[in-house]
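Examining the three-dimensional arrangement
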Amino acid sequence: MNAAVAVHGLRKTYGDVEAVKGVDFEVAPGEVFGFLGPNGAGKTTTISMLCTLINPTGGTAEVGGHDVVKERDEVRRNIGLVFQDPTLDGYLTAEQNLRFHAELYGVPKEAVPDRLRQVLEMVALWDRKDSKVMTFSGGMKRRLEIARGLLHSPRVLFLDEPTVGLDPQTRSAIWGYINRLRHTEDITIFMTTHYMDEAEYCDRIAIIDHGEIVVIDSPEALKASVGEDRVQIQTGDDETTIKLLKERFDIDAAVREGQVTFAVASGEQFVPRLFADLGMPIRSVSVSRPSLDDVFMSYTGSTIRDAESGPGNQWMRAMARGR
């Protein structure tokens, strides 16, 4: 079976900045595939190339069996796209927004009414079809954009940070609708995110950092690959604690999210030894199984929050948005 998305050596440069550095991956038909990385890592630049919004500097990419450079029109007929930023017309009703989209994509007129109702019911907005979009909440607008992206029955739906800026409850609801797509539509979903909990919904994740893919696998396999528990402790002196952990246990630690953090096998069994032998008072301790945060830190050397605040990130993001 041919891949829904096939990428080989894909690159994008802006002057001296290499936003995407020769990435390779494939997405299987029907898969929910996620790009996980900090803002400015190259996620949006990659998705923009796959959706024919910008041309690659090098490499090749096919979506639905069509080359993104040589067969742009065919690619566009076969994809749906939900952008980070809203692109709806607030002065039009929900139905008018979708009908305009149907015209642009050449959906047969006789098919529009049934398809329009189907996608609006899927995202629970049929009862608001006659309401102007300017009256919608942020979550409702995002659901309408997903419905619009599905209207022309695309083979691949691209979701670029689909729940950015939404509250956790709304984000969870959005993912409930997205998950239903797998049972109601014959579709492949390619999404980008910097939310760890959102990445858990994917069949496979590609972690991207500084324009490079560092690892690809399922969420569970990635967490299993880390293999060690995460221990976080609070003392009165972080610097001394880190030094003592190295001297007495040969453990490398760092301050993450305001606590001294390190990884060990069998964390719960290690804690009594830690209290006995560290040599300074411990105010609090917590032990957790590996998470995608731990996976990201293991493969990139930083947390996703640290990566987002890195000195090179703002420049890369500015270049990418200036495409």
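Residues numbered from 1 in each chain as written. Predicted model: local features only at pLDDT ≥ 70, side-chain atom pairs only at ≥ 80, totals over all residues. Heavy atoms only, no water.

Overall, mixed pairing links the six strands, which are arranged S6-S7-S8-S3-S9-S10 in an open sheet. Looking at strand neighbours, the two that pair on one side only are strand S6 (79–82) and strand S10 (212–217), the edges of this open sheet. Geometrically, the sheet is characterised by an average inter-axis angle of 15° between neighbouring strands, direction not taken into account. Pairing analysis gives five bridges linking strand S7 (residues 156–160) to strand S8 (residues 188–193), with the strands arranged parallel. For leucine 157, the partnering residue across the bridge sits in S8 and is isoleucine 189. (Pairing = 2+ DSSP bridges. Helix = DSSP H or I, 4+ residues; strand = E, 2+ residues; numbered from the N terminus. Axes fitted to C-alpha atoms, helices over the stretch in contact; angles between N-to-C directions.)

Now for the packing of helix H4 (residues 112–122) against helix H5 (residues 138–150). Taken N-terminus to C-terminus, the directions of H4 and H5 make an angle of 145°; their axes are 9 Å apart at the nearest point. As for the relative orientation of H4 and H5, their crossing is right-handed in sense. In this structure, H4 contributes Arg115, Val119, Leu120 and Met122 to the contact, and H5 contributes Leu144, Ala147 and Leu150. Residue composition of the contact of H4 with H5, by class: six nonpolar, no polar and one charged. (Left-handed = near helix turned anticlockwise from the far one by under 90°. Contact = heavy atoms within 4.5 Å. Nonpolar A, V, L, I, M, F, W, Y, C, P; charged D, E, K, R; others polar.)

Our next topic: the side chain of glutamate 95. Within the secondary structure, glutamate 95 is located in helix H3 (residues 94–104). Filtering out sequence-adjacent residues up to four positions away, glutamate 95 remains in contact with Leu116, Lys129 and Asp130.

On to the sheet that holds strand S11 (residues 229–234), then. Read from one edge of the open sheet, four strands run S12-S13-S11-S14, paired in antiparallel fashion. In the strand order of this sheet, the two ends are held by strand S12 (254–256) and strand S14 (284–288), each with one partner. Averaged over all pairs of adjacent strands, the angle between strand axes in this sheet comes to 35°, irrespective of strand direction. Bridging between S11 and S14 involves five bridges; their strand directions are antiparallel. Residue pairing in the sheet places glutamine 232 in a bridge with serine 286 of S14. Strand contacts of helix H10 (residues 267–277): S11, strand S13 (259–264) and S14, with the helix running at about 160° to S14, the strand carrying the most contacts.

In the numbering adopted here, UniProt assigns the feature "domain: ABC transporter" (unreviewed entry) to residues 5–235. Between the end C-alpha atoms of residues 5–235 there is a gap of 49 Å, over a span that is 34% helix and 29% strand. (UniProt positions renumbered as here; feature names shortened; annotations may be inferred.)

Next up on the list: a nonpolar patch on the surface. Where nonpolar side chains cluster on the molecular surface, the patch consists of Phe100, Leu104 and Tyr105 and spans about 340 Å² of accessible area. Here tyrosine 105 lies in the loop between H3 and H4. (Patch = residues over 30% accessible without salt bridge, like charges linked within 9 Å, V, L, I, M, F, W, Y side chains within 5 Å. Areas by Shrake-Rupley, 256 points an atom, 1.4 Å probe, with all protein chains shown as cover. Salt bridge = Lys/Arg side-chain N within 4 Å of Asp/Glu carboxyl O.)

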